[in-house]
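# An overview of the molecular structure
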Amino acid sequence: QVQLIESGGGLVQAGDSLRLSCVVSGRTFSNFAMGWFRQAPGKEREFVAAVSRSATSTDYSDSVKGRFTISRDNSRNTVYLQMNSLKPEDTAVYFCAAQSTIYLPRTDRSYGYWGQGTQVTVSS
C-alpha cells in the first residue's frame, strides 16, 4: 500500500517562502514520477510541478515558474516543493502525487497515488 504524507504548509505573508515535503512509503520511491498539485476554494485542482524518477527532468506551471522549485531525495523517499515569493493567489491545499511512469504527467488523472494535502495560506 502506497502512502504519501505531506507537511510544511502554513500561514505566511506575501513575499515569504515555504518548503513543502512529501514522504512516500510502500513502494520503491525511485520508480515514481512525482507531482505537486493545488486546489483553491471553489476551483479545480491544478498542476503545479513535476519531477521525473531520477530528477533529471522537471516541469512547472506558468504561474509558479521561476518562484517554485521541485526536487526529490530518493535516499529519503521524499519530494520537496520550495516556494519563494509567495503571493495571495498561491493560497490553496497542496497535494503531492505519485505515478510509476517514465513520463512527466501534468494531469491529475495520470497519477494513481495521492496524499491528503497540506494547507498553504498567503496573506497580503
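Residues numbered from 1 in each chain as written. Predicted model: local features only at pLDDT ≥ 70, side-chain atom pairs only at ≥ 80, totals over all residues. Heavy atoms only, no water.

## Examining the nonpolar core
Counting residues in hydrophobic clusters, the biggest one holds 29 residues, and the most contacted among them are Met 34, Trp 36, Leu 81, Met 83 and Tyr 94. For this core, the secondary structure elements donating two or more residues are β3 (18-25), β4 (32-39), β5 (46-51), β7 (68-73), β8 (78-83), β9 (92-100) and β11 (118-123). Counting five residues, the second-largest nonpolar core is a separate cluster that includes Phe 37, Phe 47, Ala 97 and Tyr 111. (Core = buried A, V, L, I, M, F, W, Y, C linked by side-chain atoms within 4.5 Å. Buried < 20%, exposed > 50% of the residue type's maximum accessible area, 1.4 Å probe, protein only. Helix = DSSP H or I, 4+ residues; strand = E, 2+ residues; numbered from the N terminus.)

## Digging into the side chain of Thr 101
Following the sequence through the fold, Thr 101 ends up in the loop between β9 and β10 (113-114). Only 3.0 Å separates the side chain of Thr 101 from the backbone nitrogen of Tyr 103, close enough to count as a polar contact. Ignoring anything within four residues of it in the chain, the contact list for Thr 101 reads Asn 31, Ala 33 and Arg 53. (Polar contact = N/O pair within 3.5 Å; in protein donor to acceptor, adjacent residues only side chain to side chain. Contact = heavy atoms within 4.5 Å.)

## A short note on the state of the cysteines
Enumeration over the complete set of coordinates arrives at one disulfide. The residue that forms a disulfide with Cys 22 is Cys 96, at a sulfur-sulfur distance of 1.9 Å. Between Cys 22 and Cys 96 the sulfur-sulfur dihedral comes to about 45°; the bridge is accordingly right-handed. Highlighted residues: Cys 22 in strand β3 and Cys 96 in strand β9, separated in sequence by 74 residues. For the residue pair Cys 22 and Cys 96, the accessibility class agrees, reading buried in each case. (Disulfide = S-S within 2.5 Å.)

## Let's talk about the pattern of salt bridges
Pairs may arise between side chains of opposite charge once their charged atoms sit close together. Taken as a whole and assessed by the stated rule, the structure comprises seven salt bridges. One salt bridge in this structure joins Asp 59 and Arg 106, with 2.5 Å as the shortest N-O distance. You can see Asp 59 sitting in strand β6 (residues 58-60) and its partner Arg 106 sitting in the loop between β9 and β10, a full 47 residues away along the chain. Classification of Asp 59 as buried rests on a relative accessible area of 19%. Take Arg 106: its relative accessible area is 41%, and that puts it in the partly exposed class. As a salt-bridge pair, Asp 90 and Arg 67 come within 2.7 Å of each other at their nearest N and O atoms. Residue Asp 90 is found in the loop between β8 and β9, and its partner Arg 67 is found in the loop between β6 and β7; the two are separated by 23 residues along the sequence. Judged by its relative accessible area of 0%, Asp 90 falls in the buried class. Classification of Arg 67 by relative accessible area gives buried; the value is 11%. One connected set of salt bridges, linked through shared partners, spans Arg 38, Glu 46, Arg 67 and Asp 90. (Salt bridge = Lys/Arg side-chain N within 4 Å of Asp/Glu carboxyl O.)

## Some details on unusual backbone geometry
Residues other than glycine predominantly adopt negative phi, and peptide bonds predominantly adopt the trans conformation. For Ala 55, which is not glycine, the phi torsion reads 70° and is therefore positive. Take Ala 55: it is sitting in the loop between β5 and β6. Here the phi dihedral of Asn 77 falls at roughly 55°; this positive angle occurs in a residue that is not glycine. Along the chain, Asn 77 falls in the loop between β7 and β8.

## Looking at the sheet that holds strand β1 (residues 3-7)
Ordered in space as β1-β3-β8-β7, the four strands form an open sheet in which the pairing is antiparallel. Edge positions in the sheet fall to β1 and β7, since each has one partner strand and no second. Pairwise comparison of adjacent strand axes, ignoring direction, gives a mean angle of 15° for this sheet. Bridging between β1 and β3 involves five bridges; their strand directions are antiparallel. Pairing of Gln 3 across the sheet is with Ser 25, part of β3. (Pairing = 2+ DSSP bridges. Axes fitted to C-alpha atoms, helices over the stretch in contact; angles between N-to-C directions.)

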